[in-house]
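Given next are the chains, with one letter for each unit.
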Amino acid sequence: MDRFNLLFILALVLQICQIKAITSARSQFPIWGLFTRLSDDKTVEVFRKFANDSRRSYFGKEKISRSPDSFTVSLEMCDEGYRSSAIVDARPTRGICDNVCLRSNKLQIPHLTLDWEPAVSTPKEGFTISYYPPPEVISKVYATYIKKKDWDRFSFMYEDEGSFIRLQEVINTWENDKKPILFKKIYPEGDNRETFKHVFKVARLSYHIIDCKADNIKKYLEEITRVVNYTAYQNILLTSLDAYTVDLTSINIEGNVTTWHLTMEQKDKWADNRIDNPKKIETYLAADALSHLEKSIKYMLDNIPHSSYNIPQPPPLCYDGQTQPWEMGPNLRNALLSTNTAMSQGFTGNVEFDDNGKRVNFMLHYSKLNNESQFVYVGNWNSTTDKIEDINLNYVPDVKSNVTFRVVTRKEAPYYMVPKNGDPPKGYVIDLMDEIFKHIREKEHPGWFHVVDDPGLKVGGPIEGSRRWSGLIGEILEHKAHFAISDLTITSERNAVVDFSIPFMSLGISMLFKVDPPPDPDMFSFVNPLSTDVWLYLAVVYIITSLVLLICARGAGSRWIAGTWWFFAMIVTASYTANMSTFMSNNRRSNNIESAKDLSEQTAVSYGAMLNGSTHKFFQSSNDPVYQKLYQGMSTANPTSFTANNDEGMERVLRSKGKFVFFMESTTIEYFMQQDCRLKMVGGKLDSKDYGIAMPKNSPHRMAINNAILYLQEKGKLQDLKNKWWVKDPDSPDIDECQNDDSSGKKEKEDSGSVQMKNTSGIFLVLGVGGILGFIVAIIGFFLHSHEIAVKEGISYKEALASEWRVSLDPRVLSKPAAPPRSAAPSIKSTSPSRERSRSRAASVLSFAQSFINLNEVY
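All values derive from a computational prediction rather than experimental measurement.

Cut-offs applied
Residues numbered from 1 in each chain as written. Predicted model: local features only at pLDDT ≥ 70, side-chain atom pairs only at ≥ 80, totals over all residues. Heavy atoms only, no water. Helix = DSSP H or I, 4+ residues; strand = E, 2+ residues; numbered from the N terminus. Buried < 20%, exposed > 50% of the residue type's maximum accessible area, 1.4 Å probe, protein only. Contact = heavy atoms within 4.5 Å. Areas by Shrake-Rupley, 256 points an atom, 1.4 Å probe, with all protein chains shown as cover. pLDDT = per-residue confidence, 0-100. Lys, Arg positive; Asp, Glu negative; His and termini not counted. Salt bridge = Lys/Arg side-chain N within 4 Å of Asp/Glu carboxyl O. Polar contact = N/O pair within 3.5 Å; in protein donor to acceptor, adjacent residues only side chain to side chain. Pairing = 2+ DSSP bridges. Axes fitted to C-alpha atoms, helices over the stretch in contact; angles between N-to-C directions. Left-handed = near helix turned anticlockwise from the far one by under 90°. Nonpolar A, V, L, I, M, F, W, Y, C, P; charged D, E, K, R; others polar. Parallel < 35°, antiparallel > 145°, perpendicular 65-115°, else oblique. Phe/Tyr/Trp six-rings, centres within 6.5 Å; stacked < 30°, edge-to-face > 60°. Lys NZ or Arg CZ within 6 Å of the ring centre and 35° of its normal. Arc of directions from axis to C-beta.

Enquirer: I tried to follow the overall build of the chain on my own but got confused; where do I start?
Expert: Of regular secondary structure, the chain possesses 29 helices and 25 strands. Buried residues in the chain amount to 45% of all 859 residues. Look at the contacts in the chain between residues 6 or more apart in sequence, and 70% of them connect residues 24 or more apart. Carbon and sulfur atoms provide 54% of the accessible area of the chain, an area that totals close to 45400 Å².

Below you can see the structure in the form of structure tokens.
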């Protein structure tokens, strides 16, 4: 029993000694907290509570300093010979290793900083350990975000030159082929509205980095909203890790306002430490620094023998050149670098360091400003994987309800038309936007729109000598409208300054030409293939040949003359036939221009396009020799061949009588063709392009508009709308006239290549007139011949006339009798020699004709 009591007493003594040793060790780890007068009071409170918390048994005496500058701090270091095993420094160092940093590294006293430290400011393998994430790593996150969001050009607004160190990775990774970054300094105590006016209205940038203290964010955003009435198209990145805690509910700011932060709201964890939920990151870092320091001291003590608990005190901070470094400093440093906290234990997540005291294996959180001007967590970035995880980069804040959207357009049929009778405007644009917003209201969010136009508004182009644009694009750039829709072609030049929706219509450039009506039918058109001179020469030759045949009828030469005549007649007939075919073909074809190449190779027909339109830009920037030649022709034409709009070009085509061609989009040509039957499209499409809805850069409504257009395309409603305004416009009398004109059907039949009656009726007229004249001559000859027979045969004229009439009408009589029957004896006359010669000559001619043409004698 005595032995047992002795052992018990011995164990009790050892326990008491151990407690005294631990108490002695605890008293040997005093800490010093360095703050400024601008440091958050909550941070000082956290330091004091954590340092004096009975649950943290390794901290000794604490010292708190709130000095305005580094010189004052240096004086305090020598005050009363204060010693400290660790310095928790919450002062902004601005990237400089000041006197505190240098002395702590010289004396091997851990220097725990809570503000950002550049990579080159601390000695390698020194005693400065930064709990603030390395700025080069955070800057790399911003650079990754900018690349993923495909920023084109952005402004970099900063309060001090330290921004160029903190965000160096953003600057260095910006590609040289992109537009330069616009750097602007902003002042917390000054009026920055002129600066913001230049950034937002003169430079017209939509992407911005604002690197400032969290306390100044609200001031800057208020100034921005005073300068920019509508901020929905702006993309602002706030670099302060405290930005997500700023209350912005009183500011009516829209658009894409984003920030990254190291901390998340942790009310329960702060409540466990009897502290209200703080907002500043320095408070979170101070709590993590003290918790991590306590775990590191425990880790160091657990790894040394109990007999060594008599730890040497740290040296005085007032370094006089002979002060020796703290022997336990390296051990504590190694313990700080070796100890890490679990993700659930640190207020800023996992607390872990590399060999140089830089924080590693941490996580940044990503938040965006929502509809109610409150930051909403949308993802994170892990430094271990260097990837953005569980993040929706396409996140767009909900569009506020009861928004009225302003849509600008221009008067251009059939897109937007204002009736003269005072009825509301109508057109394809109004119907399309109505369908789009009908879908948006049903599927996503409410909203209304109204379409406005300016009588002088054009598509617009860059204003020379400035960064401004005119027309529809200018309205968008000035943020005077939410959308611009018309026959607005998506081009690279326009897409560089505004955003476009997905195409709602595809088209190409073609040529508008006037189809001249065919000439009225001419019954004497058969005369046209030969000129008047040729016809006169033919008549003269015919008469001369007839006389020659009459003269040569006595001899054998008449055959040669007749053969020559028929050969001549055959050549003339063949030539006439060929010319007649060509003449009729030319009548059916209004022009010989079938392509742009044909147009460029002639000078009879001029051509033009709308000034500053996409068609004009197409020819201006084309490398094709044909298109270059056409553009040169349009540029040098006098008077100018460029028009203010498509309607003016169409009117010029109609007035030109087939001597002017207008280049324009095929969809507009199709509409004009439906309105006027005299117009047609010539040749194929010179290119392929699309119409889209223009909106400011970074418009939050772009996704909703695109989804609506896709829906209308899938349901066939886009084609229905086009058919309504291009084909089925019930209010257009010209369309009915074109559709009800039967001549179009007749034209198609007549254009088959056959000779029509209306073009050859003159031939039949000539035949009829000639036949009538011949019949009259025959009647006169019949009466004269009857009189001659009556005299010759000695019969009455009446008897001769009746006899000739009966013979002429009797089909059975193939030849006339020598003499008609006589009612009286013929008188006896002797035949004269001249009469005999005449009969001989007539018989000779008839014999020749019979032998040549192989005809039987008639008489």
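Let us keep going from here.
Enquirer: Mind showing me how you'd approach the confidence of the model for the chain here?
Expert: Predicted coordinates in regions of low pLDDT should not be interpreted in detail. For the chain, the mean per-residue pLDDT works out to 79, and 75% of the residues sit at or above 70. When pLDDT is averaged over each helix and strand of the chain, the minimum, 46, is found for helix H26 (residues 743-750) and the maximum, 96, for strand E7 (residues 182-185). Here residues 19-27 scores under 50 on pLDDT; set against residues more than four positions off or in separate chains, the count is seven contacts. Of the regions scoring below 50 in pLDDT, residues 852-859 engages in nine contacts with residues more than four places distant in sequence or in other chains.

Enquirer: It is not clear to me how the side chain of Glu159 should be interpreted in this structure. Could you clarify?
Expert: Along the chain, Glu159 turns up in the loop between strand E6 (154-158) and helix H6 (163-166). In this structure, Glu159 is buried with no salt-bridge partner, the nearest side chain bearing the opposite charge being Lys213 at 5.8 Å. For Glu159, the side chain forms a polar contact with the side chain of Asn216, separated by 2.7 Å. In contact with Glu159, not counting residues within four places along its chain, are Lys185, Ile186, Pro188, Asp211, Cys212, Lys213, Asn216 and Tyr220.

Enquirer: Help me understand the pattern of salt bridges, please; the structure alone is not making it clear to me.
Expert: Pairing between side chains of opposite charge can happen when their charged atoms approach one another. By the definition in use, this model includes 25 salt bridges. Note that Glu45 and Lys42 form a salt bridge whose closest N and O atoms lie 4.0 Å from each other. Of the two residues, Glu45 and Lys42 are both situated in helix H2 (residues 41-52); the distance of three residues between them amounts to about one turn of the helix. Residue classification places Glu45 among the partly exposed positions, given a relative accessible area of 27%. Glu45 is the partner of Lys49 in a salt bridge, and the nearest nitrogen-oxygen pair spans 3.2 Å. Note that Lys49 and Glu45 are positioned in helix H2 at a spacing of four residues, about one turn of the helix. Looking at Lys49, the relative accessible area reads 36%, which means it is partly exposed. Taken together, the shared-partner salt bridges in this structure form one network comprising Lys42, Glu45 and Lys49.

Enquirer: Hey, could you run me through the sheet that holds strand E13 (residues 387-389) in this one?
Expert: Whether parallel or antiparallel, the strands of a sheet pair through hydrogen bonds between backbone atoms. Strand order in the open sheet formed by eight strands is E7-E6-E8-E9-E10-E11-E12-E13, and the pairing between neighbours is mixed. What marks the edges here is a single partner per strand, and that holds for E7 and E13. Taken over all neighbouring pairs, the strand axes of this sheet differ in orientation by 25 degrees on average, direction set aside. Where strand E12 (residues 375-382) lies against E13, three bridges are found, and the strand directions are antiparallel. The partner of Asn382 across the bridge, within E13, is Lys387. Most of the contacts of helix H5 (residues 135-148) go to strand E10 (residues 256-261), to which it runs at about 150 degrees, and overall it touches E6, strand E8 (207-211), strand E9 (235-238), E10, strand E11 (363-369), E12 and E13.

Enquirer: What am I meant to see in the pairing of E9 here?
Expert: Along any regular strand the residues' side chains alternate between the sheet's two faces. Burial along E9 is two-sided: Asn235 and Leu237 and Ile236 and Leu238, pointing in opposite directions, are all buried. Strand direction decides the pairing type here: E9 and E10, joined by four bridges, are parallel. Looking at E10, one finds that Leu238 is bridged to Thr259.

Enquirer: So what exactly am I meant to see when it comes to the packing of helix H11 (residues 281-302) against helix H12 (residues 329-338) here?
Expert: When two helices pack together, their arrangement is given by the angle between the helix axes and by the axis-to-axis distance. As a packed pair, H11 and H12 sit with axes 8 Å apart at the nearest point and diverge in direction by 115 degrees. Here the hand of the crossing between H11 and H12 comes out right-handed. Between H11 and H12, the contacting residues are His292, Leu293, Ser296, Ile297, Tyr299 and Met300 on the first element and Asn331, Leu332, Ala335, Leu336 and Ser338 on the second. Tallied by class, residues from the contact of H11 with H12 come to seven nonpolar, four polar and no charged.

Enquirer: Which parts of the structure should I look at to understand unusual backbone geometry?
Expert: It is generally the case that most residues other than glycine have a negative phi and that most peptide bonds are trans. For the peptide bond that leads from Ala413 to Pro414, omega is 0 degrees, which places it in the cis range. Note on placement: Pro414 falls in the loop between strand E14 (404-409) and helix H13 (428-443). That bond from Asn638 to Pro639 is cis: its omega, 5 degrees, falls within 30 degrees of zero. Summarising the element assignment, Pro639 is placed in the loop between helix H20 (625-636) and strand E21 (642-643). A positive phi angle, near 60 degrees, is found at Asp150, a position not held by glycine. Within the fold, Asp150 resides in the loop between H5 and E6.

Enquirer: Would you mind going over the packing of helix H22 (residues 666-675) against helix H24 (residues 717-726) with me for this structure?
Expert: Between H22 and H24, the shortest axis-to-axis distance is 9 Å and the interhelical angle comes to 40 degrees. By the criterion of interaxial angle, the relationship of H22 to H24 is oblique. Here Thr667, Glu670, Tyr671 and Gln674 of H22 come into contact with H24, specifically with Lys722, Trp725 and Trp726.

Enquirer: Quick question: what am I supposed to make of the packing of aromatic side chains here?
Expert: The description of an aromatic ring pair uses the distance of the two centres, along with the angle that the planes make with each other. Applying the stated criterion across every chain yields a total of 36 aromatic pairs. Judged by centre distance (4.9 Å) and plane angle (90 degrees), the rings of Phe154 and Trp174 are edge-to-face. With Phe154 in strand E6 and Trp174 in the loop between helix H7 (168-172) and E7, this residue pair connects regions lying 20 residues apart in the sequence. Per residue, the accessibility class of Phe154 equals that of Trp174, and both read buried. Where Tyr671 meets Phe672, the ring centres are 6.1 Å apart and the plane angle is 50 degrees; that geometry is what we call tilted. Accessibility classification places Tyr671 together with Phe672 in one group, the buried group. What links up through ring pairs into an aromatic cluster is the set Tyr145, Trp151, Phe154, Trp174, Tyr207, Trp260 and Tyr366. In this structure, Arg333 is placed above the aromatic ring of Phe127, and the distance from its NZ or CZ to the ring centre is 5.9 Å.

Enquirer: Honestly, the environment of Glu435 in this entry has me stumped. Any pointers?
Expert: Turning to its location among the elements, Glu435 is positioned in helix H13. Distance in space between the C-alpha atoms of Glu435 and Leu721 is 9.8 Å, their sequence separation being 286 residues. Non-local contacts of Glu435, meaning those with residues more than four positions away in its chain, are made with Leu712, Lys717 and Leu721.

Enquirer: Would you mind going over the environment of Gln313 with me for this structure?
Expert: Looking at the secondary structure, you find Gln313 in the loop between H11 and H12. Through-space distance from the C-alpha of Gln313 to that of Ser84 is 8.5 Å; in sequence the pair is 229 residues apart. Among all residues touching Gln313, those that are not within four sequence positions of it are Arg83 and Trp326.

Enquirer: Sorry, what's going on with helix H21 (residues 646-655) here?
Expert: Because each turn of an α-helix spans 3.6 residues, side chains separated by three or four positions end up pointing in the same direction. Those residues of H21 lying buried are Asn646, Gly649, Met650, Val653 and Leu654. In a view along the axis of H21, the buried residues occupy a sector of 140 degrees, so they form one face of it. Against the buried residues of H21 lie strand E19 (509-514), strand E20 (606-610), E21, strand E22 (660-665), H22 and strand E23 (679-682). N-capping of H21 is provided by Asn645, with a side-chain oxygen placed 3.2 Å from the backbone N of Asp647. Lys657 sits one or two positions beyond H21 and adopts a positive phi of about 55 degrees.

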